[in-house]
Amino acid sequence: MVAKLTAAERSAALASLPGWEAVDGRDAIRRKVKFADFNAAWGFMTRVALLADKQDHHPEWSNVYNRVEILLTTHDCDGLSQRDVKLAQAIDRILTESGN
């Protein structure tokens, strides 16, 4: 069973994840990213999809041209978990590597 983060753990996680924000009305975090063009956005999404599949933890997301919005929450515990924090950190590394 996946454990839901406590309020203190959630606050600490958000403080350690610049660019991520709490989602109103949901126990989730979100990040919005803008890329140079559609190909760059799609390439980023492909890298995240491969990573998420390996972690067996998949984001809710949307893509409009060069913009990607990522929402992370753990459905198994109906809220934010360490799985979300781990995936957010990995997504941030992909963004850093791509120069975003």
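These lines cover the structure that appears in this document, whether it is placed above or below. Just so you know, these numbers come straight off a predicted model, no measurement behind them.

**As for the nonpolar core**
Among the nonpolar cores identified, the biggest contains 22 residues, and W20, F44, L72 and I91 are the most heavily contacted of them. Where this core is concerned, the elements lending two or more residues are β2 (29–34), α2 (38–55), β4 (67–72) and α3 (82–97). Top element by residues in this core is α3. It accounts for six residues. Among residues more than four places away in sequence, those in contact with I91 are W20, F44, V48, L51, I70 and L72.

**Side note on the pattern of salt bridges**
In the structure shown here, the tally under the stated rule is seven salt bridges. Here E60 ties to R26 by a salt bridge, and the two come within 3.0 Å at their closest N and O atoms. Of the two residues, E60 sits in strand β3 (residues 60–64) while R26 sits in the loop between β1 (21–22) and β2, which places them 34 residues apart along the sequence. The partner of R30 in a salt bridge is E69, and the shortest N-O contact between them spans 3.7 Å. You can see R30 sitting in strand β2 and its partner E69 sitting in strand β4, a full 39 residues away along the chain. The exposure class of R30 is buried, given its relative accessible area of 17%. You can call E69 partly exposed: its relative accessible area is 28%.

Rules used in this analysis
- The residue count restarts for each chain, going from 1 along the sequence in the order it is written.
- Local features in a predicted model are, by the rule used here, given only for residues with pLDDT of at least 70; side-chain atom pairs are given and counted only at 80 or more, and totals for whole chains, interfaces and linings are based on all residues.
- Side-chain metrics in this entry use all non-hydrogen atoms of the structure; hydrogen atoms and water are not considered.
- In these notes, a set of buried Ala, Val, Leu, Ile, Met, Phe, Trp, Tyr and Cys residues joined through side-chain atoms within 4.5 Å is what counts as a nonpolar core.
- The cut-offs for exposure are 20% and 50% of the maximum accessible area for each residue type, with area from a 1.4 Å probe on protein chains only; residues under the lower value are buried, those over the upper are exposed, and the others partly exposed.
- Think of it this way: any DSSP run of H or I at least four residues long counts as a helix, any run of E at least two long counts as a strand, and we number them from the N terminus.
- Any two residues whose heavy atoms approach within 4.5 Å are treated as being in contact.
- A side-chain nitrogen of Lys or Arg and a carboxyl oxygen of Asp or Glu constitute a salt bridge if their distance falls within 4 Å.

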